[in-house]
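For reference, the chains in residue letters:
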Amino acid sequence: HYSGLEEAVYRNIQACKELAQTTRTAYGPNGMNKMVINHLEKLFVTNDAATILRELEVQHPAAKMLVMASHMQEQEVGDGTNFVLVFAGVLLELAEDLLRMGLSVSEASYIVIEGYEKACKKALEILPDLVCCSAKNLRDAEEVASLLHTSVMSKQYGNEQFLAKLIAQACVSILPDSGHFNVDNIRVCKIVGAGISASSVLHGMVFKKETEGDVTSVKDAKIAVYSCPFDGMITETKGTVLIKNAEELMNFSKGEENLMDLQVKAIADSGANVVVTGGKVADMALHYANKYNLMLVRLNSKWDLRRLCKTVGATALPRLTPPTLEEMGHCDSVYLSEVGDTQVVVFKHEKEDGAISTILIRGSTDNLMDDIERAVDDGVNTFKVLTRDKRLVPGGGATEIELAKQITSYGETCPGLDQYAIKKFAEAFEAIPRALAENSGVKANEVISKLYAVHQEGNKNVGFDIEAEAAAVKDMLEAGVLDTYLGKSWGIKLATNAAVTVLRVDQIIMAKPAGGPKPPSGKKDWDEDQND
């Protein structure tokens, strides 16, 4: 029997273990998909841990710690969220074994926390020695595609070659000279139909819209962008007009028409031949736009409007005034096209050094395209990480086994009780190749013993071969299975911090109203005198 405090610690660990177990079976290229139905009853079919956690409403406060660590990894690196969860879950599972060894929980927790923090520091010292190569030229699309394989493969196994090539083309084409890459500059447009292999990259932007007027294609486009409706000015106060005869009635509407005509003519005379508006388009304004051969596109989303301004270099005007040359945007062509049976408007740059690139994803179902979009996001984030730090470490569990081996040796040199925690920390790294092996249907113990044997001989880059039928290992550098150095170091840091934070908690105190009978909900004025 445990005391109340001990029970609380074990319950926290149990909640975190269950959460980690959920995503552990989704780890790696052969990971199983999860079918998640969120609070809005939207269906997600994915093995992307970040999406699973975002849509699951985790209630347990201790398990929320792991979710927060995973979100932090998503913000910092954009990939490796599952690594954080699996690793933190195993650290807590092994900590539980140490806590049950007989010391009081507060004493044992202190020893485990001390050991884990020492081991984490040591792991981050060892990690730079495990770097096997670096990205040489981030402007070479072929080299970049080979580096993005691993992150895309874990989401879209079998399509990684094709998708990595698309992502590399899109990223390289908009990489600025300063080297500061912005993930938001890669847009994704999903259109149902055809198959993944029909996906393509466009330099510019694609909107699932139709044009409003008769003009559907413009070359050498000069673009005026308005954030207001494309309509006549409306007075703020209401006015009453007294009309005495038919002539006055005719002149009344003619005055409005002439005003609209002048406004649209002024826009056309400024040199603009494409008008993009953020509001509704009035019938009369549309008539004059057709008269002056202006192409009209309506975008309901203000975010789309902002991104378009950024792409074409325009300024969004709040009123229907003729734009100056500085306020107008420019792109090589704007045209209405049909992809499958969906009408799309394309703003295209012929030159590759545009501000924004769009990856056009095709697929048979919305769920499939959502999953491809998540793979694209991971690939783009990996490219961003490489612009910050070009170092790469071997994947497939090679880095983890080497860290486990070296930290175990380090633990044996440590005096005191925290050596047990350090060795457990090393053992936790085995969870990664173990998860890869189990999800591939191979005996995990066999794989881990083979990996240890090869690493003892000094082959640091050897990891688990997921494509082999049996428990086999191969050189990850030659196979091109590489993880980013930053992704690994942040993952280890965040997982350890999350596990240590959970271990420091011995009570969860929730602020809730006290129990007991509810106050009577009688009449409002129950205390008033009845005779009033």
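Fair warning: this is a prediction, and the values are worked out from it, not measured in the lab.

Draft legend 1. The packing of aromatic side chains, seen in detail. Counted according to the given criterion, the structure contains seven aromatic pairs. Where phenylalanine 87 meets phenylalanine 429, the ring centres are 4.6 Å apart and the plane angle is 25°; that geometry is what we call stacked. With a gap of 342 residues between them, phenylalanine 87 in helix H4 (residues 81-99) and phenylalanine 429 in the loop between helix H13 (418-428) and helix H14 (431-439) connect regions that are remote in the sequence. Of the two residues, phenylalanine 87 and phenylalanine 429, both sit in the buried class. For the ring pair phenylalanine 425 and phenylalanine 429, a centre distance of 5.5 Å and an interplane angle of 80° mean the geometry is edge-to-face. Side by side, phenylalanine 425 and phenylalanine 429 carry an identical accessibility label, which is buried. Three or more aromatic residues link up through ring pairs in this structure, and these residues are Phe83, Phe87, Tyr116, Phe425 and Phe429. Arginine 100 extends its terminal NZ or CZ atom over the ring of tyrosine 10, reaching a point 4.3 Å from the ring centre.

Draft legend 2. Layout of the pattern of salt bridges. Using the criterion set out here, one finds 23 salt bridges in the structure. Note that glutamate 402 is salt-bridged to lysine 405, the shortest N-O span being 3.5 Å. Of this pair, glutamate 402 and lysine 405 both sit in helix H12 (residues 398-412), three residues apart, roughly one helical turn. Note on accessibility: glutamate 402 and lysine 405 belong to one class, buried.

Draft legend 3. Up close: the pairing of strand S1 (residues 34-37). The alternating pattern of S1 places Lys34 and Val36 on a buried face, while none of Met35 and Ile37, on the opposite face, is buried. The pairing of S1 with strand S2 (residues 43-46) spans four bridges and is classified as antiparallel. Counterpart to methionine 35 in the pairing with S2 is valine 45. Here S1 folds back onto S2, and the loop between the two strands holds five residues, one of which, glutamate 41, carries a positive phi near 65°.

Draft legend 4. How the structure looks around the environment of glutamate 469. Of note, glutamate 469 is situated in the loop between strand S14 (462-464) and strand S15 (473-475). Looking at glutamate 469, the relative accessible area reads 78%, which means it is exposed. Each C-alpha atom of the pair glutamate 469 and lysine 155 lies 21 Å from the other, and the pair is 314 residues apart in sequence.

Draft legend 5. Looking closely at the sheet that holds strand S16 (residues 482-484). The sheet built from three strands is open, its strands ordered S3-S13-S16 with antiparallel pairing. Only two strands of the sheet have a single neighbouring strand rather than two, namely strand S3 (133-134) and S16. As paired elements, S3 and strand S13 (residues 391-394) share two bridges and run antiparallel to each other. Note on S13: the bridge partner recorded for cysteine 133 is leucine 392. Here helix H17 (residues 485-504) sits on the sheet in contact with S13 and S16, set at roughly 65° to S16.

Draft legend 6. Here's a closer look at the confidence of the model for the chain. Of the residues in the chain, 94% reach a pLDDT of 70 or more, and the chain-wide mean stands at 87. Within the chain, the lowest mean pLDDT, 83, falls on helix H1 (residues 4-24), and the highest, 93, falls on H12.

Draft legend 7. View of helix H9 (residues 283-291). Taken residue by residue, H9 has Ala285, Leu286, Tyr288 and Ala289 as its buried positions. The arc that holds every buried residue of H9, seen down its axis, measures 165°, which confines them to one face. Elements that come into contact with the buried residues of H9 comprise helix H8 (246-269) and strand S8 (295-298). Looking one or two residues past H9, asparagine 293 carries a phi angle of roughly 55°, positive in sign.

So, how was this worked out
Residues numbered from 1 in each chain as written. Predicted model: local features only at pLDDT ≥ 70, side-chain atom pairs only at ≥ 80, totals over all residues. Heavy atoms only, no water. Phe/Tyr/Trp six-rings, centres within 6.5 Å; stacked < 30°, edge-to-face > 60°. Helix = DSSP H or I, 4+ residues; strand = E, 2+ residues; numbered from the N terminus. Buried < 20%, exposed > 50% of the residue type's maximum accessible area, 1.4 Å probe, protein only. Lys NZ or Arg CZ within 6 Å of the ring centre and 35° of its normal. Salt bridge = Lys/Arg side-chain N within 4 Å of Asp/Glu carboxyl O. Pairing = 2+ DSSP bridges. Contact = heavy atoms within 4.5 Å. Axes fitted to C-alpha atoms, helices over the stretch in contact; angles between N-to-C directions. pLDDT = per-residue confidence, 0-100. Arc of directions from axis to C-beta.

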